[in-house]
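# Secondary and tertiary structure notes
One letter stands for each residue in the lines below.
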Amino acid sequence: MKSFEKEAYGYIKDMFVQHNMIKRVVMTVISIVVMGFGISLFSVSGFGVDPFTSMNMNVAGALGIGYGTYQLIVNAIIIVFVVIVAHRGLIGVGTVINMVGVGYSCELFTGITTSILKSASENIAVRIALLAAGIIVLCFSCSLFFVSNIGVGPYDSLGFMISRGTKIPYKWVRVFTDITVILIGLIVSGGLKYVFQGDLSHINNIGIGTIITAFMMGPLVNFFSKNVTSKILDVDYARISKDVAFFMISGAMVKNRVPKDYNPAELNTSSDPFVVLNKLN
């Protein structure tokens, strides 16, 4: 019972007691709203969306339910799975905000953007501009979410969990999970048969935009994190790591590599993570 109480206390502290917590929560909420807007630009451009969104949109369409509602359900399942199987460090307030907010904000902005650009979106130049804007907006919002660092997104947490369990580098796990979710969306929506037929015009939510996000998001998110969002939160991003994946999970690494007899109540959440990590190495 005492062990459970310590774990519960540590879990609550991990989620709610962090340096500049109010500012981090505000930045996270803003990032989720902007993220929904960025995904809506992708969607309206007609060039495809990121892999996880493509699966959720295709499956939601096949089931006849709203994208926001379906994404909420999937994210909730992932979070429960990660908490039970992996460790608490990946899940935080930001994870919950992401779980609830991204899908519904995307639905809202897609409706608004579609109504405003109903005729213009047929123009190839406008579509390319929407795609470019979507890439920039989405990468900036992801950077703001990552740097706020109060929880990893549900889909990202699944990749980190697999990486920890298999010892496979996260970037390769991400390739595997991205391919998997794309295939799930294609199979459920019936798009896979069009792939074999070579008729790509009937494939929904997957296109050049999906490929671009797979290769460009990492470098662009890293650029925004290093030069823009880290300055908003006064975080020395370059000193912590050049790798955004490590930056996102650095807090979780600290919380989960401490000795078993370490009292979570003694954890100083404002201390330098490197100090803690170096003492443990």
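Check the entry above for the structure.
Residues numbered from 1 in each chain as written. Predicted model: local features only at pLDDT ≥ 70, side-chain atom pairs only at ≥ 80, totals over all residues. Heavy atoms only, no water.

### Points about the pattern of salt bridges
On inspection of all chains with the given rule, the structure shows two salt bridges. Residues Arg174 and Asp156 are paired through a salt bridge, measuring 2.6 Å at the closest nitrogen-oxygen approach. Here Asp156 lies in helix α7 (residues 154-166) and Arg174 lies in helix α8 (residues 170-189), a separation of 18 residues in the sequence. Taking relative accessible area as the criterion, Asp156 reaches 12% and is therefore assigned buried. Among the salt bridges present, the one from Arg174 reaches Asp178, with a minimum N-O distance of 3.2 Å. One end of the pair, Arg174, and the other, Asp178, are both in helix α8, four residues apart, so they sit about a helical turn from each other. Through salt bridges with shared partners, one network takes in Asp156, Arg174 and Asp178. (Salt bridge = Lys/Arg side-chain N within 4 Å of Asp/Glu carboxyl O. Helix = DSSP H or I, 4+ residues; strand = E, 2+ residues; numbered from the N terminus. Buried < 20%, exposed > 50% of the residue type's maximum accessible area, 1.4 Å probe, protein only.)

### Here we look at the side chain of Ser45
Among the secondary structure elements, Ser45 is positioned in helix α2 (residues 21-45). Since its relative accessible area comes to 1%, Ser45 is described here as buried. Only 3.3 Å separates the side chain of Ser45 from the backbone nitrogen of Phe47, close enough to count as a polar contact. Apart from the residues lying within four places of it in its own chain, the contact partners of Ser45 are Arg127, Leu130 and Leu131. (Polar contact = N/O pair within 3.5 Å; in protein donor to acceptor, adjacent residues only side chain to side chain. Contact = heavy atoms within 4.5 Å.)

### Remarks on the environment of Ile212
By the secondary structure assignment, Ile212 is in helix α10 (residues 208-232). Taking the C-alpha atoms as reference points, Ile212 and Leu131, separated by 81 residues in sequence, lie 9.7 Å from one another. Look past the residues within four positions of Ile212 in its chain and what remains in contact with it is Leu131, Ile135 and Met217.

### What about the packing of helix α4 (residues 67-85) against helix α5 (residues 93-116)?
Viewed as axis vectors pointing N to C, α4 and α5 meet at an angle of 165°, and their least axial separation amounts to 8 Å. Classified by the interaxial angle, the pair formed by α4 and α5 is roughly antiparallel. Our pair here, α4 against α5, has a crossing hand that is right-handed. Judged by residue contacts, Tyr67, Gly68, Thr69, Gln71, Leu72, Asn75, Ala76 and Ile79 of α4 engage Thr95, Asn98, Met99, Val100, Val102, Gly103, Tyr104, Cys106 and Glu107 from α5. Split into classes, the residues belonging to the contact of α4 with α5 amount to nine nonpolar, seven polar and one charged. (Axes fitted to C-alpha atoms, helices over the stretch in contact; angles between N-to-C directions. Parallel < 35°, antiparallel > 145°, perpendicular 65-115°, else oblique. Left-handed = near helix turned anticlockwise from the far one by under 90°. Nonpolar A, V, L, I, M, F, W, Y, C, P; charged D, E, K, R; others polar.)

### Here we look at α5
With 24 residues, α5 should cover 34 Å at 1.5 Å per step; its first-to-last C-alpha distance of 34 Å lies within 8% of that length. Its maximal kink placed at Gly101, α5 deviates by approximately 35°. (Expected span 1.5 Å × (residues − 1). Bend = angle between axes of the 7 residues up to and from the residue.)

### Considering the packing of aromatic side chains
One pass over the full model with this rule turns up five aromatic pairs. Relative to Tyr155, the ring of Phe52 lies with its centre 4.4 Å away and its plane at 10°, an arrangement referred to as stacked. Taken together, the residues span a long stretch of sequence, with Phe52 in helix α3 (residues 51-63) and Tyr155 in helix α7 at a distance of 103 residues. On the basis of relative accessible area, Tyr155 is assigned to the buried category, the value being 9%. Joined through ring pairs, the aromatic side chains of Phe140, Phe223 and Phe224 make up one cluster. The ring of Phe47 carries the charged tip of Arg127 above its face, separated from the ring centre by 4.2 Å. (Phe/Tyr/Trp six-rings, centres within 6.5 Å; stacked < 30°, edge-to-face > 60°. Lys NZ or Arg CZ within 6 Å of the ring centre and 35° of its normal.)

### Describing the packing of helix α6 (residues 124-148) against α10
The interhelical angle for the contact between α6 and α10, taken along N-to-C directions, is 50°, at an axis separation of 7 Å. Classified by the angle between their axes, α6 and α10 sit oblique to one another. Regarding α6 and α10, the two cross each other, and that crossing is right-handed. Across the interface between the two elements, Leu131, Ile135, Ile136, Leu138, Cys139, Phe140, Cys142, Ser143, Leu144, Phe146 and Val147 of α6 pack against Ile208, Gly209, Ile212, Met217, Leu220, Val221, Phe224, Ser225, Val228, Thr229, Ser230 and Ile232 of α10. A class-by-class count of the residues in the contact of α6 with α10 yields 18 nonpolar, five polar and no charged.

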